[in-house]
Amino acid sequence: MNDRLIIFDTTLRDGEQSPGAAMTKDEKIRIARQLERLGVDVIEAGFAAASPGDAEAIKSIAGIIKHSTVCSLARANEKDVRAAGEAILPAASGRIHTFIATSPIHMEKKLRMSPDQVVEAAVKAVKMALEYTDNVEFSAEDAVRSEMDFLCRVFEEVIKAGATTLNVPDTVGYSIPALWGERMRQLIERVPGADRVIWSTHCHNDLGMAVANSLAAVMNGARQVECTINGLGERAGNASLEEVVMAVKTRRDVFTCDSRIDASQIVPSSRLVSQITGYPVQPNKAIVGANAFSHESGIHQDGVLKHRETYEIMRAEDVGWSHNKLTLGKLSGRNAFRTRLQELGIVLESEEAVNAAFARFKELADKKREIFDEDLQALVANESGLDACDRFRLVSLKVCSETGETPHAYIVLSDGGAELRADEFGGGPVDASFRAIEKMVGSGSSLLLYSVNNITTGTDAQGEVTVRLSRNGRIVNGQGADTDIVIASAKAYLNALNKLFGVEERAHPQV
Ligand code: KIV
Ligand code: ZN
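Note that the structure is a prediction, hence the values are computed from the model and not measured.

Novice: Sorry, what's going on with the coordination of the zinc ion (ligand 2) here?
Specialist: As a benchmark, a tetrahedral metal site with four donors has ideal angles of 109.5 degrees, while an octahedral site with six donors has ideal angles of 90 or 180 degrees. Note on the zinc ion (ligand 2): its protein donors are D14 (OD), H202 (NE2) and H204 (NE2). The metal-donor distances range over 2.0 to 2.2 Å. Expressed as a motif, the donor residue spacing for the zinc ion (ligand 2) is D-x187-H-x1-H. Overall, the relative accessible area of 5% leaves H202 in the buried class.

Novice: I would appreciate a short explanation of the packing of helix α1 (residues 25-38) against helix α2 (residues 52-64) in the present structure.
Specialist: Packed helices, taken two at a time, are described by the angle their axes make and the gap between the axes. Running from amino to carboxyl end, α1 crosses α2 at an angle of 35°, the nearest separation of the two axes being 10 Å. Crossing geometry of α1 relative to α2 is assigned as right-handed. Two secondary-structure elements touch here, α1 through K25, K28, I29, A32 and R33 and α2 through D54, E56, A57, S60, I61 and I64. Taken together, the residues of the contact of α1 with α2 break down into 5 nonpolar, 1 polar and 5 charged.

Novice: When you look at the sheet that holds strand β15 (residues 463-471) in this model, what are you seeing that I'm missing?
Specialist: Where strands meet in a sheet, backbone hydrogen bonds hold them as pairs that are either parallel or antiparallel. The 3 strands are arranged β14-β15-β16 in an open sheet whose pairing can be described as antiparallel. In the strand order of this sheet, the two ends are held by β14 (446-454) and β16 (474-482), each with one partner. The mean angle between the axes of side-by-side strands here comes to 15°, regardless of whether they run parallel or antiparallel. The pairing of β15 with β16 spans 9 bridges and is antiparallel. In the sheet register, L469 faces β16, and the bridge partner there is V476. On the sheet, helix α10 (residues 266-277) packs against β15 and β16 and is oriented at approximately 115° with respect to β16.

Novice: Before we go on, may I ask you to explain a nonpolar patch on the surface in this structure?
Specialist: Residues L447, Y450, V452 and I485 make up a contiguous nonpolar surface patch of roughly 310 Å² in combined accessible area. Looking at the secondary structure, you find V452 in strand β14.

Novice: How should the site of ligand 1 be read in this particular structure?
Specialist: In the neighbourhood of ligand 1, the contacting residues comprise R13, D14, H97, F99, S139, E141, P169, T171, H202, H204 and Q510. Between an oxygen atom of ligand 1 and a side-chain N or O atom of R13, the distance comes to 3.0 Å. Within the complex, 100% of the 260 Å² of free accessible area of ligand 1 lies under protein. Of all the cavities here, the one that holds ligand 1 is the second largest cavity. When residues of the shell around ligand 1 are traced back to their parent elements, those giving at least two are β4 (94-101) and β5 (136-141).

Cut-offs applied
Residues numbered from 1 in each chain as written. Chains lettered and ligands numbered in written order. Predicted model: local features only at pLDDT ≥ 70, side-chain atom pairs only at ≥ 80, totals over all residues. Heavy atoms only, no water. Donors = N, O, S within 2.8 Å, 3.2 Å for Na, K, Ca; no water. Buried < 20%, exposed > 50% of the residue type's maximum accessible area, 1.4 Å probe, protein only. Axes fitted to C-alpha atoms, helices over the stretch in contact; angles between N-to-C directions. Helix = DSSP H or I, 4+ residues; strand = E, 2+ residues; numbered from the N terminus. Left-handed = near helix turned anticlockwise from the far one by under 90°. Contact = heavy atoms within 4.5 Å. Nonpolar A, V, L, I, M, F, W, Y, C, P; charged D, E, K, R; others polar. Pairing = 2+ DSSP bridges. Patch = residues over 30% accessible without salt bridge, like charges linked within 9 Å, V, L, I, M, F, W, Y side chains within 5 Å. Areas by Shrake-Rupley, 256 points an atom, 1.4 Å probe, with all protein chains shown as cover. Salt bridge = Lys/Arg side-chain N within 4 Å of Asp/Glu carboxyl O. Near = heavy atom within 4 Å. Polar contact = N/O pair within 3.5 Å; in protein donor to acceptor, adjacent residues only side chain to side chain. 1 Å grid on protein atoms, 1.4 Å probe; cavity = no way out; pocket = protein on both sides within 12 Å on 5 of 7 lines; lining within 4 Å. Sits in = over half its atoms within 2 Å of the grid points.

Distances and angles like these do not, on their own, reveal function.
Set out below in structure tokens:
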């Protein structure tokens, strides 16, 4: 067991706490299936007490996933623990992850509880969680700023109560590797019963050290790392799964443990999470960034051509870069389309969904000669982003854009089946389109972010647009993809509006 590193993915919980990254149940299920394919040991599927919708999503994931443990977060109180317990009931292997803050600042200012009360609540929550599963994780929130003696006391008590995994979070991303490694070492040395549990680390990236701190913890005895795809998460994010996994795999001379992750699923997982959440991956991001394996300088290119390992410590194909694999074209039929989706691990739930996706594929193949895997993934993300109960849909769009003239957009929308029409001028075709949509919808939201990325290369590539809207403190991301970026932009704007008008009230676990 000691040479096995448990990968606990919290993309669907901590990752979802990123502004606008809230996902629908179907989107969460798609990501959970991909995480299972990736070989993640534990999937933290959400925070059941956040809302009935969150509990429902966890329950569905628990019923579908067979090869990963499915976990729900719960604050250390009865309502949360019971909600988590009910949500994971259908799981082949389920876990409850309960937590309470242990630092003086959190106990005094946030919880308004004494240290004794915190210990009592932690023990009670762990015992209650054991009524549902024998796989119970306890986290000491803000462990980084907690007093060592108190931390040891809390951990000793929850081990006695029956917790099987103890998580040490750097909630605010404050630590540095030497100190974090030392904290883990001391905890394992000092806490009675430490050898009976798995020690875990959960690091945030506020100072850019989440991965380094997690690895330092591993070098000092942690055997579970909590991380997210693309490092998504609260504020500056969590430790990035792909970086932790590849560091441990690549430096087998340094680490005495390894994970069971199938590295070839890393890039597909990164693409899927980026498409669904609307968080683009920066080009120079390690492992999954577009430049991670490209050699620009002549000296490097020459070296790589002569002997690849001169400048490459990992192989692009080992982490799932398919190099824009050409897959289908205009003449490909339904069967070829369905087979390729299956090979990519994309499961469309109904025959109706396959038909809709195939129709979109044919439309795309008319505009774009070569269809790559990445196009198919975007197409399916787009298709399942369209919820049957979505209120707004784009019927048609026309823009006039000419040198010396003010751009003008004409848009026809369907609002719950009723057709609406409007036209507007704007600073550019995208601005004019958004103004025309707002004229019809009147959402009163403000645009926080607008970004366009090309899905593959070439001028006929699809543009993938992300729009982030905010209204009354609620933030949502919308995505749209099309070979015409003005159409992609309008789709992304409508996708964001559908989320804005559709999302239910949810509680945040840490506020
Ligand atoms: O950052 C944190 O402390 C958390 C806990 C809930 C584990 O996310
Ligand atoms: Zn966290």
